[in-house]
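# Descriptive structure summary
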Amino acid sequence: MTMLLGIWISWLFMLVDSAQKQFDVVPAPQMLNVVPSQNINQRSGLKTECLGSFFKLTVDKSLALGSRLEFDAINGSQIEALTPSLSVKCGFSVDADPWGNTKVYASLLNCFAGNENDAVFDIDMRVRVLGVKGGQDVFEVEKTCNYDNWAPREILCDRNYMEVSVNRLPGDITALQRQAKLGRGPMFDDQWTNTVSEAITSRYNIWRIVFFTPNQKPMLLEEALKAGYGITTTGSRLVMRSGYDMPETYVENVNGVPMKIFRVTTYFKKQWSVTMLDTTAACPTGGLVYTDEMITWNFPLINPLMDSTETKILGMFMGIDGKQIDSAQMTARGYSLMIKDAEVVMKLPVGGPDGYYKSHAVNGQYHIRYNIEPMLELLWSEGGKDATRYRVLFPIKTPFMPRPPQLVDNTDAQLKMFDVLLGSFLYDVDFVNITFSTGVLTVAEATARGVIIQEHRFQNGSKALRLQVPFSDLFVIKTQVDLIMTVYTLPLVFGFMILPENTPFSYSTSVEVTLQDIVLPTISGKCDKEKFYVQISFGSMGKDVTVLLGKSDLTPERKVEYGVTENGTHMSLAVPFLATEVAFELMYPSSLRARLDVFVQEPVNNWNLGDFSLSCNFPMTMTECFSNGSMSALAVKVESVTQLSPRQLTLRDPSCKPKFSNDRFAYFTFNASSCGTTRTFYDGVMMYQNEITLNDPPAVYQQPKKVMPTLDAEYRVTVSCFYTLNDTQTIAFFTKPRESEPLPETGFGVLNVVLRLALDGSYNEFYVEENYPVVQYLRSPLFFEVALLQSTDPQIELVLENCWATLRDDRNSTPRWDLLVDGCVNLADLHETVLHAVASDHVQFPSHVKRFEIQMLAFVQQNVILKDQIFVHCDAVLCDINQIDAICKRPCPIPLKTNQKVRRDAASDRLQRMQLSSGEIVLSRS
């Protein structure tokens, strides 16, 4: 890549991860080469130099250390602060570079210099370092410069003023001199004064001054001094000094180069003569031509300072920062100085070692410009007479050069780390803040948040910024574009400040990486005789997914009902096969084939991340045949007949409708001789058969070939019962009552009854095992529910026989406090237990649920709480709604003594009893 000569080069550097990236970098400026000598104050960092007709003071940046510098000029007891106006008037200029190095130039003919015969000059100055808190350090500077090689006319063009000095001694004056041929004596003096009224002797014997703008404009000396011009005389010279913007200066275009011109005629009065000295200074303000690689400075060889066409160039020199350099140095640095086509042409390569680059913000964008201060010195004579020495100190700043920062993306997808390098910048750019998607952070704040920010510096002084942000950071915007692809986006706005001007600018960018890094959820499951057991592994999606069972969301209430346990990576749940989310596929005589569909979805786009179906056969009695000739059958809505409503099903006789039905089941009971039941004999077996169908017209039914229920799209279920014809049963009968009645054959099964504590009286939410112990205030209400789960038999009624509270989880421990006794509230309790009715609109089978309310209690002995916890226990009984039993149909209330026992008959002893206990409930003392 071709960049500015000698400066913008390709630079290879090694990052922490050993990846090599290419960057264009800008070199640091040439620093002041302060070397030990008798002119350097090593303690203070001051350097003084005598450079021909002017003096140079360099103050190293180490002296100021960011403080403000001020300078005073000293002449004996006279001390004056160098203000801008005083500097122009008295011959001083001050300049500072971006690092804080300061240069002061002073003409040897300045207002404050001690002058001995225009050959020895004493320069006294004072440097004041002003601290942040108001204090200051003062450094004295004294320098003696010897210079007696004065040309008859010397012109100095400094950065802020023009100075011309000419020899004014008789016999040496080259300007026009006129002698008045008048007589001698006092009367002739009076005649001179009377003839020329302005001929009044003033300071320096200067009578008057005439400026040419180019029109004539006369002034008295005091008027010119008051206007800001520097006018003085030495033992042999007249010195005139003007700023570039004074009203009496004017611009003239000389061979395409604009020049600022200061032209004055000074009248000196002596006793017998008037002397006129013409003084002119002309300083270039242009003439520059720029390319990307070269600066060309054109100076007109024939200019307003030359009055004769017989001008001869006696010498031509080049310098940098006020110091001449020889031809060998010029060649080594790529400089050239020549005369070409009536012009003096100086060429300086952009990026040369004697200049420096400076950062700038132009319309918010990063730019740089190259700065260098060449010096041109010419010596010429006109017509072989007196010579003119001409020096120009000419600071040059190239046009702004855009240098948009380059972004190198070293992001490592495997490490999931954004890694960007931004550069290059010059030494004077400071990184101050960064704007992420969440807001603006300073460098310190971003580092404290875990962002890695590093500054890489290169040997030439330029630098780059490295930023590392992990993909997991909140600053990173994550977008899932499909099932397996994620786009990680890091929007950035870098905020910079250019020093020392504190000029802000910014650079905006966005880094993006697409990764195939999605690990989809996986689902597995199994069944037992009652439930589906499902486990979900979230994969890389985490818990932020939607789980559906069938077509229903897994709500928080369902999670409690299905015993969901989960962490950041997995979820497990157990779903009863009769749950509403389960689909029924097929019916068999003693089982039901059911299926649970599980879906995991992405919640924003509803993408299906995983699906799983588990089908199992669950034991379930579908048809029962009783010895008294009655039959019962259970019809189930299967998914193949989507429009079926079980309540519309009938037996062959359309008047035989379900004894119970809902949106999933229809339950029929009927006698073998009713509802269109047919009877068939074969091989010693009698078969009763009926059909469950929709209410269709009667049809002719034939003996089925299979005994298993059949199912088609019209929904037709065949119900069959078989009886052996030749079997004989003998039953003994006694008229005398027995001590115990014959018992029916015992059947075995499992009924699930639970005792649980509700969060409030709505009985919508219940405490789970993880919530115990439950903390309650004394006498605060406790809402208990005893429920028969999973059963769909409407003929069953759950009855609470006894409920009581103990100090320990042992239901047989003492002391104990009765809450319900023999199905009724304990009348001995001052705070009676309240039984709550169960509404049919909230519970499918109200007869399967009992609810009661007690107040939080504590066991007390001699006014001392024995223990601040209780456990509640209950005995529950399952009854047939038609059963006549002391417990199942006991009326309440009946006053009972505490020690009274209710007699149980044999039927009561045969009831299905459940023993239930609650978790620990703790009394709150706060």
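In this text, all values refer to a predicted model and were calculated from it rather than measured experimentally. (Residues numbered from 1 in each chain as written. Predicted model: local features only at pLDDT ≥ 70, side-chain atom pairs only at ≥ 80, totals over all residues. Heavy atoms only, no water.)

### Comments concerning the overall build of the protein
Across its full length, the protein holds 8 helices and 73 strands. Sequence separation of at least 24 residues holds for 63% of the intrachain contacts in the protein that already meet a minimum separation of 6. A total accessible area of about 47,700 Å² is found for the protein, and carbon and sulfur atoms account for 50% of it. (Helix = DSSP H or I, 4+ residues; strand = E, 2+ residues; numbered from the N terminus. Contact = heavy atoms within 4.5 Å. Areas by Shrake-Rupley, 256 points an atom, 1.4 Å probe, with all protein chains shown as cover.)

### Some remarks on the packing of aromatic side chains
Counted by the stated rule, this structure contains 32 aromatic pairs. Taking 4.6 Å as the distance between ring centres and 35 degrees as the angle between the ring planes, the aromatic pair formed by Phe 425 and Phe 496 counts as tilted. Pair noted here: Phe 425 is in strand β36 (residues 417-425) and Phe 496 is in strand β42 (residues 486-498), with a separation of 71 residues, a long-range link. When sorted by exposure, Phe 425 lands in the same class as Phe 496, which is buried. The structure contains a cluster of three or more aromatic residues connected by ring pairs, namely Tyr 366, Phe 425, Phe 431, Phe 494, Phe 496 and Phe 505. (Phe/Tyr/Trp six-rings, centres within 6.5 Å; stacked < 30°, edge-to-face > 60°. Buried < 20%, exposed > 50% of the residue type's maximum accessible area, 1.4 Å probe, protein only.)

### Describing the state of the cysteines
Tallied over the full model, the rule gives 7 disulfides. Disulfide pairing places Cys 803 opposite Cys 874 at an S-S distance of 2.0 Å. Measuring handedness by torsion sign, the sulfur bridge of Cys 803 and Cys 874 sits at about 115 degrees and is right-handed. With Cys 803 in strand β64 (residues 796-806) and Cys 874 in strand β71 (residues 869-880), this pair connects stretches of sequence that are 71 residues apart. (Disulfide = S-S within 2.5 Å.)

### Quick notes on the sheet that holds strand β68 (residues 849-855)
Overall, antiparallel pairing links the 4 strands, which are arranged β61-β63-β68-β67 in an open sheet. Each edge of the open sheet carries a strand with a single partner, namely β61 (752-758) and β67 (834-836). Direction aside, neighbouring strands of the sheet carry axes that sit 25 degrees apart on average. When β67 meets β68, the two strands line up antiparallel, connected through 3 bridges. Within β68, the residue paired with Leu 835 across the bridge is Phe 852. (Pairing = 2+ DSSP bridges. Axes fitted to C-alpha atoms, helices over the stretch in contact; angles between N-to-C directions.)

### Focus: the pattern of salt bridges
One pass over the full model with this rule turns up 35 salt bridges. Notably, a salt bridge pairs Lys 559 with Glu 566, separated by 3.4 Å at the nearest N-O pair. Taking the relative accessible area as the measure of exposure, Lys 559 reaches 26% and is therefore partly exposed. Asp 818 serves as the salt-bridge partner of Arg 816, at 3.1 Å between the closest nitrogen and oxygen. You can call Arg 816 partly exposed: its relative accessible area is 40%. (Salt bridge = Lys/Arg side-chain N within 4 Å of Asp/Glu carboxyl O.)

### Brief notes about the pairing of strand β16 (residues 206-212)
Within β16, 6 of the 7 residues are buried, which leaves it mostly tucked inside the rest of the structure. Here β16 pairs with strand β21 (residues 257-269) via 6 bridges, running antiparallel. In the strand pairing of β21, Ile 206 is matched with Phe 268. Sheet topology places β16 next to strand β17 (residues 216-219); 4 bridges connect them, and they run antiparallel. By the bridge assignment, Val 210 is partnered in β17 with Pro 218. Here β16 folds back onto β17 in antiparallel fashion, the turn holding 3 residues.

### A look at the sheet that holds strand β56 (residues 660-661)
Spatial strand order, β53-β54-β57-β56: 4 strands in an open sheet with antiparallel pairing. Since the sheet does not close on itself, it has two edges, and those belong to β53 (623-625) and β56, each with one partner. Direction of pairing for β56 relative to strand β57 (residues 665-671): antiparallel, over a ladder of 2 bridges. From the neighbouring strand, Ser 661 faces β57, where its bridge partner is Ala 666.

### Examining the pairing of strand β25 (residues 311-320)
Pairing between β25 and strand β31 (residues 374-382): 9 bridges, direction antiparallel. Bridging from a neighbouring strand, Lys 312 pairs with Ser 381 of β31. Relative to strand β26 (residues 323-325), β25 runs antiparallel, the two sharing 3 bridges. Paired with Met 318 across the two strands is Ile 325, which belongs to β26.

### With respect to the nonpolar core
With 91 residues, the main nonpolar core has Tyr 390, Phe 436 and Phe 494 as its most contacted residues. Setting aside residues up to four positions removed in sequence, Phe 494 forms contacts with Leu 422, Phe 431, Asn 433, Ile 434, Leu 465, Leu 467, Phe 505, Ser 506, Tyr 507 and Thr 509. In this structure, Val 547, Phe 577, Leu 609 and Leu 649 belong to the second largest nonpolar core, which totals 57 residues. (Core = buried A, V, L, I, M, F, W, Y, C linked by side-chain atoms within 4.5 Å.)

### Describing the environment of Tyr 356
Structurally, Tyr 356 is set in strand β29 (residues 356-362). The buried category is assigned to Tyr 356, whose relative accessible area is 18%. Sequence separation of Tyr 356 and Tyr 370 is 14 residues, and the distance between their C-alpha atoms is 5.7 Å.

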